[in-house]
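Residues per chain, in single letters:
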Amino acid sequence: MIPLDAFDLILFGGSGDLAMRKLLPALYFRHRDSAADTGRARWRIVGVGREAQTREAYLATVEAHARKFIAPRDFDDTAWAAFVSCLDYVALDARAAADYAGLAALLADDPARVRVFYLATAPSLFASICENLGAAGLVTPDSRVVLEKPLGRDLASARRINEQVGAIFREEQIYRIDHYLGKETVQNLIALRFGNTLFEPLWSRACVRDVQITLAETVGVEGRGEFYDNTGALRDMVQNHLLQLLCIVAMEPPSSIDPDAMRDEKLKVLRALRPMSAEEVATRTVRGQYRAGAIDGRPVPAYLEEAGIPAGSRSETFVALKAELDNWRWAGVPFYLRTGKRMQERLAEIVVNFRDVPHALFPSVSGERAPNRLVIRLQPDEGLELHLMAKVPGDEMRVRPVALNLDFAETYDTRQWDAYERLLMDVIRGKLTLFMRRDELDAAWRWIEPILDGWEQDPTPPRPYTAGTWGPAASSALVGRDGLAWLQDS
Ligand code: BG6
């Protein structure tokens, strides 16, 4: 790993779910695997929470969670002890300016270090935290702030947050995180597209028939009922993760991997998204909500029976939609996006379906003809598959689809980094490439907002689907109307 400058990482929401489940384990791995000096003089992490508790009590809670979220084979007692020697705890009420004095006292010994303020809290606290950090003189020239999603509920609230944070931090100090951009396969998609000549000539409307991006989960709302019900799948997954993946698939080659070169190209994609009229929202989007069903043979309750979900809630746990880009490269190519909770499988993949050959020369085995297809799988097993037609061994000239498979776990016999490991290191190094710029966020909300409005005005509730399936039948019909099918339906 490239050595890091000495840093202080201040984790607001330090006792929260994200810190316990993802951020602290990610920091443990980077600390454990670093060959450079990782002593307290170089690495210092400060968990910040409301609860008044001792450092020891905090460390005990962190360890109890870490033992759940880090595989036993990766949990090394010596490495853990070295990691937590860098970990402190400060209790403060994020809205109380006077409480920041304790944090200021702790950080005062080395103000020249890189300082990262990670806001893993409700976005309603972002403005107060930034204001209070500024007032306490904690924002040094080498400070950065990391903002977790959701950044707002709509365009206006996202703008308000950006303005409030922007009053204290310069744009180059603001890291808007979308953890999907830190996933190994997303990095690999960038490498595949811009590190090879093979795909670029095919990567356009001339050869691509449609693109499908699916982020399917088997989990339900996982104890986050109240948050989720206020958010829904469109804001939770489409506005950020799905649109960012679409950007990576559809963007023009940037002139470099400098942050602004990449982000300029992603912004052009977001701006090329064709806005949906109210009628199009009705025909090009499908929202669903799960009913009781079974996942892996085990019964699971309906969304409306989950803890924290108000009776009669109309929040969507599933979205499928058809997006189109108004530009030369992609005009007329549908991008189908789909996400849902309590689906049949946990699956995140991008499917690029190429056009069929103009004239079929060879008979296929029992009708098994398939145009070429590239499948980029983000999870559960990360890899790439290229589906080609090949001759079946034997006398006759008959063809059938076969897949060239690149399985990353098999090819690289190393533990895959979690997305947060990479992104946290990027923040400390000051690398903004994988973080969203303010204008990107604006453009994403601008496209999402008519969908939110269209749904708001539509009296029909979300379509029901049985937990453990691929969502409402209307989702298959959405793609079927174009004479196509989701990969799982074909
Ligand atoms: C988060 C959403 O951003 O992404 C969650 O808020 C979702 O609802 C999660 O479960 C999925 O992330 P991953 O990395 O597990 O696919």
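Fair warning: this is a prediction, and the values are worked out from it, not measured in the lab. (Residues numbered from 1 in each chain as written. Predicted model: local features only at pLDDT ≥ 70, side-chain atom pairs only at ≥ 80, totals over all residues. Heavy atoms only, no water.)

## Some words on the overall build of the protein chain
When its secondary structure is counted, the protein chain shows 14 helices and 17 strands. The C-alpha atoms of the protein chain give a radius of gyration of 24 Å, which matches the 23 Å a tight globule of 490 residues would have. Across its three principal axes, the protein chain shows a C-alpha extent of roughly 75 × 50 × 45 Å. Taken over 490 residues, the protein chain has a buried fraction of 53%. If you take every contact in the protein chain between residues at least 6 apart in sequence, the share linking residues at least 24 apart comes to 78%. Within the structure as shown, the protein chain displays about 21100 Å² of accessible surface, and the carbon and sulfur contribution to it stands at 53%. Placing the 60 positive and 69 negative side-chain charges of the protein chain at their respective mean positions leaves the two points 2 Å apart. (Helix = DSSP H or I, 4+ residues; strand = E, 2+ residues; numbered from the N terminus. Rg over C-alpha atoms; globule rule 2.2 N^0.38 Å. Buried < 20%, exposed > 50% of the residue type's maximum accessible area, 1.4 Å probe, protein only. Contact = heavy atoms within 4.5 Å. Areas by Shrake-Rupley, 256 points an atom, 1.4 Å probe, with all protein chains shown as cover. Lys, Arg positive; Asp, Glu negative; His and termini not counted. Charge placed at Lys NZ, Arg CZ, Asp CG, Glu CD.)

## Observations regarding the sheet that holds strand 6 (residues 174–176)
A sheet is described by the order of its strands in space; here 6 strands give the open sequence 3-2-1-4-5-6, paired in parallel fashion. With partners counted over all chains shown, the strands left at the sheet margins are strand 3 (87–91) and strand 6, one partner each. On average, each strand axis in the sheet is inclined to that of its neighbour by 20°, with strand direction left out of account. Across 6 bridges, strand 1 (residues 7–12) lies against strand 2 (residues 43–49) in parallel orientation. Bridging across to strand 2, F12 finds its partner in V48. Contacting strand 1, strand 4 (114–119) and strand 5 (143–147), helix 5 (residues 126–135) crosses the sheet at an angle of about 155° to strand 4. (Pairing = 2+ DSSP bridges. Axes fitted to C-alpha atoms, helices over the stretch in contact; angles between N-to-C directions.)

## Regarding the packing of aromatic side chains
In this structure the tally under the stated criterion is 18 aromatic pairs. Pairing Y28 with F29 gives two aromatic rings, centres 5.3 Å apart and planes at 55°, and the pair type is tilted. Each member of the pair, Y28 as well as F29, is classed as buried. Three or more aromatic residues joined by ring pairs form one cluster here, namely Y28, F29, F75, W80 and F83. Sitting over the face of the ring of W417, R30 holds its NZ or CZ atom 3.4 Å from the ring centroid. Sitting over the ring of Y180, K183 keeps its end group 4.5 Å from the ring centre. (Phe/Tyr/Trp six-rings, centres within 6.5 Å; stacked < 30°, edge-to-face > 60°. Lys NZ or Arg CZ within 6 Å of the ring centre and 35° of its normal.)

## Quick word on a nonpolar patch on the surface
A cluster of nonpolar side chains, namely L361, F362 and M397, defines an oily patch on the protein surface of about 300 Å² accessible area. With respect to the helices and strands, the residue F362 is situated in the loop between strand 13 (347–354) and strand 14 (373–379). Overall, F362 belongs to the partly exposed group, its relative accessible area being 36%. (Patch = residues over 30% accessible without salt bridge, like charges linked within 9 Å, V, L, I, M, F, W, Y side chains within 5 Å. Salt bridge = Lys/Arg side-chain N within 4 Å of Asp/Glu carboxyl O.)

## So, the packing of helix 1 (residues 17–32) against helix 12 (residues 419–429)
The contact between helix 1 and helix 12 brings their axes to 8 Å, and the two run at 70°. For the element pair helix 1 / helix 12, the angle class is roughly perpendicular. Of the two elements, helix 1 crosses helix 12, and the hand of that crossing is right-handed. On helix 12, the residues touching L18, K22, L23, A26, L27, F29 and R30 of helix 1 are Y420, E421, L424 and M425. Per-class residue counts for the contact of helix 1 with helix 12 are 8 nonpolar, no polar and 3 charged. (Parallel < 35°, antiparallel > 145°, perpendicular 65-115°, else oblique. Left-handed = near helix turned anticlockwise from the far one by under 90°. Nonpolar A, V, L, I, M, F, W, Y, C, P; charged D, E, K, R; others polar.)

## Re the site of the ligand
What surrounds the ligand is the set K149, H179, Y180, K183, E217, R224, D236, M237, H241, K341 and Q379. Contact between the ligand and K149: an oxygen atom at 2.7 Å from a side-chain N or O atom of the residue. Within the side chain of D236, an N or O atom sits 2.6 Å from an oxygen atom of the ligand. When the ligand sits alone it has 400 Å² of accessible area, and the protein chains cover 83% of it. Broken down by element, the shell around the ligand gets its largest block of residues, 3 residues, from helix 8 (residues 225–250). (Near = heavy atom within 4 Å. Polar contact = N/O pair within 3.5 Å; in protein donor to acceptor, adjacent residues only side chain to side chain.)

## Examining the sheet that holds strand 8 (residues 285–291)
Within a sheet, each strand pairs with its neighbour through backbone hydrogen bonds, oriented either parallel or antiparallel. Overall, mixed pairing links the 9 strands, which are arranged 16-15-14-13-7-12-11-8-17 in an open sheet. Both outer strands of the open sheet, strand 16 (399–407) and strand 17 (463–466), are each paired with one neighbouring strand and no more. With strand direction ignored, the average angle separating the axes of adjacent strands in the sheet is 20°. As paired strands, strand 13 and strand 14 are joined by 6 bridges and run antiparallel to one another. Note on strand 14: the bridge partner recorded for E349 is R377. Seen against the sheet, helix 8 touches strand 7 (208–216), strand 11 (318–323), strand 12 (335–340), strand 13 and strand 14 and runs at an angle of roughly 145° to strand 12. Where helix 14 (residues 473–480) meets the sheet, its contacts fall on strand 8, strand 11, strand 12 and strand 17, and the angle it forms with strand 11 comes to roughly 10°.

## Some words on the side chain of K341
Within the element layout of this structure, K341 appears in the loop between strand 12 and strand 13. Among the residues examined, K341 registers a relative accessible area of 3% and is labelled buried. In this structure the side chain of K341 is engaged in a polar contact, spanning 2.9 Å, whose partner is the side chain of E217.

## So, helix 13 (residues 438–457)
Here helix 13 spans 29 Å end to end across 20 residues, near enough to the 28 Å set by a 1.5 Å rise per residue. Maximal helix bending in helix 13 amounts to about 30°, located at I448; proline P450 follows within four positions. Here helix 13 has its buried residues at E440, L441, D442, A443, A444, W445, W447, I448, I451, L452, G454 and W455. (Expected span 1.5 Å × (residues − 1). Bend = angle between axes of the 7 residues up to and from the residue.)

## Some points on the pattern of salt bridges
Summed over all chains, the structure comprises 46 salt bridges. Between D418 and K22 there is a salt bridge, with the nearest N and O atoms lying 3.4 Å from each other. Of the two residues, D418 is situated in the loop between helix 11 (408–411) and helix 12 and K22 in helix 1; the sequence distance between them amounts to 396 residues. Several salt bridges converge on common partners, so that one network encompasses R30, R32, D33, D74, R415 and E421.

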